[in-house]
Amino acid sequence: MNKRMIALAATVLLALTACGNESVTRSGPEASLTGRTFLSTEVTENGKPRPPAKSQVRLEFTTNGRMSWNAGCNTSETTVSTSDGRLSLGKEITSTAMGCMGDRQEQDTWIAKVLSAKPVWKLDGDKLVLTTESTTISLLDKESAEPDLALDGTKWQLTTVVTGQAASHQAGFEKVWMTLNGERVTGSTGCNSFQGTVARDTGKLTFGELATTRRACAGDAATVESVLLKGLKGELTYTIDGSTLQLRSADGGLDFSVPR
């Protein structure tokens, strides 16, 4: 084979390889879900609506071949395959360790069972449907279902306290809230009202000293107030994801949300 024929063969081989890669990238089943987050809109079991547990199923498909899920309590994550029209989870699953009671704990167990059953999946635009023999979960792309709320003017309710790698929720958090407006922050510790100043930078909030009313707090109310005031101190990074506001420092942070 002369040099011209070798060069031509190499060119053809390169072209075929490029076409093959393009086909996988554009039409591979993983590509249609990658980088997207979906929220449940309806769940049925054995043809009947499943009673809600005051929470949504949330599925997030990352760009590195992994999927995380949350059904109102803990968040779990593992590798995922979407080939053959089914979701197949990896063997090693990591999960947060929040203590959840009643319906929310049952919801965690239920979603793990459904996803482990290798449900059939079908994507139609922004709508994703997962189906097992007994369960159907209809979901909608988060960008359509739950656009990000505005930082200012929103009444953010405390849901979670993060300390190191641990996340906790306790009674009384639902009474704690704050609202930001420009350089001012106002709210309630669940026992006392508070107000103060907050400076802004890209992705950051810096809280000044917060002034509170003088009502005496005892028991859990005092603990929650202490945690809140400690958390709203100094420079914090923030992110808004739909109806959730996350504040983070080097030691932990606070999560707020708006019930929908």
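Conventions adopted
- Residues numbered from 1 in each chain as written.
- Predicted model: local features only at pLDDT ≥ 70, side-chain atom pairs only at ≥ 80, totals over all residues.
- Heavy atoms only, no water.
- Helix = DSSP H or I, 4+ residues; strand = E, 2+ residues; numbered from the N terminus.
- Buried < 20%, exposed > 50% of the residue type's maximum accessible area, 1.4 Å probe, protein only.
- Contact = heavy atoms within 4.5 Å.
- Areas by Shrake-Rupley, 256 points an atom, 1.4 Å probe, with all protein chains shown as cover.
- Core = buried A, V, L, I, M, F, W, Y, C linked by side-chain atoms within 4.5 Å.
- Pairing = 2+ DSSP bridges.
- Phe/Tyr/Trp six-rings, centres within 6.5 Å; stacked < 30°, edge-to-face > 60°.
- pLDDT = per-residue confidence, 0-100.
- Disulfide = S-S within 2.5 Å.

### Details of the overall build of the protein chain
The secondary structure content of the protein chain amounts to 5 helices and 20 strands. The proportion of buried residues among the 260 residues of the protein chain is 33%. Residue pairs in contact within the protein chain that sit at least 24 positions apart in sequence constitute 51% of those at least 6 positions apart. Surface accessibility of the protein chain: about 15400 Å² in total, with carbon and sulfur atoms responsible for 53%.

### A word on the nonpolar core
The biggest cluster of nonpolar side chains holds 23 residues, and the ones touching the most others in it are Met-178, Leu-180, Val-185, Phe-207, Leu-232, Leu-247 and Phe-256. Secondary-structure elements contributing two or more residues to this core are strand 11 (156-163), strand 13 (177-181), strand 15 (193-201), strand 16 (204-207), helix 5 (219-231), strand 19 (244-248) and strand 20 (252-257). Looking at this core, the element that brings in the most residues is strand 11, giving 3 residues. Dropping the residues within four chain positions of it, Met-178 is found in contact with Thr-154, Lys-155, Trp-156, Val-185, Thr-186, Gly-187, Phe-194, Leu-232, Leu-245, Leu-247 and Phe-256. Counting residues in each nonpolar core, the second largest holds 20 residues, with Val-57, Met-67, Leu-115 and Leu-130 among its members.

### Focus on the pairing of strand 10 (residues 135-141)
Most of strand 10 is tucked away: 5 of the 7 residues are buried. Inspection of the sheet shows strand 1 (residues 37-45) paired to strand 10 by 7 bridges, in the antiparallel sense. Across the sheet, Leu-39 pairs through a bridge with Leu-140, a residue of strand 10.

### Let's talk about unusual backbone geometry
Its identity as a non-glycine residue notwithstanding, Asp-84 has a phi of 60°, on the positive side. Relative to the elements of secondary structure, Asp-84 occurs in the loop between strand 5 (75-81) and strand 6 (88-89). Overall, Asp-84 belongs to the exposed group, its relative accessible area being 76%. A positive phi angle, close to 55°, is found at Lys-118, a residue other than glycine. Along the polypeptide, Lys-118 turns up in the loop between helix 3 (102-116) and strand 8 (120-124).

### As for the packing of aromatic side chains
Summed over all chains, the structure comprises 1 aromatic pair. Between the aromatic rings of Phe-38 and Phe-61, the centroid separation amounts to 6.2 Å while the plane-to-plane angle is 80°, which identifies the pairing as edge-to-face. Here the residue Phe-38 occupies a position in strand 1, and Phe-61 occupies one in strand 3 (residues 58-61), the gap between them amounting to 23 residues. For the residue pair Phe-38 and Phe-61, the accessibility class agrees, reading buried in each case.

### A word on the confidence of the model for the protein chain
Here the protein chain averages 85 in pLDDT, while 87% of its residues score no lower than 70. Taken element by element, the protein chain is modelled with least confidence in helix 1 (residues 3-27), mean pLDDT 36, and with most confidence in strand 14 (residues 184-188), mean pLDDT 98. Low pLDDT, under 50, characterises residues 1-30; the predicted model gives this stretch 9 contacts beyond four residues in sequence or across chains.

### Points about the environment of Lys-175
Its place among the elements puts Lys-175 in the loop between strand 12 (166-168) and strand 13. C-alpha of Lys-175 to C-alpha of Thr-159: the two residues are 16 residues apart in sequence and 9.8 Å apart in space. Residues within four places of Lys-175 in sequence aside, it is in contact with Ser-188 and Gly-190.

### Observations concerning the environment of Thr-109
If you trace the backbone, Thr-109 turns up in helix 3. On a C-alpha basis, the gap between Thr-109 and Ala-71 in space is 9.3 Å, while along the polypeptide they are 38 residues apart.

### Some words on the state of the cysteines
A complete count under the given rule lists 1 disulfide for this structure. Here Cys-191 pairs with Cys-217 through a disulfide, and the sulfurs are 2.0 Å apart. Residues Cys-191 and Cys-217 are joined by a disulfide whose S-S torsion is about -105°; by sign, that bridge is left-handed. With a gap of 26 residues between them, Cys-191 in the loop between strand 14 and strand 15 and Cys-217 in the loop between strand 17 (211-212) and helix 5 connect regions that are remote in the sequence. You can call Cys-191 buried: its relative accessible area is 13%. The class for Cys-217 is partly exposed, based on a relative accessible area of 22%.

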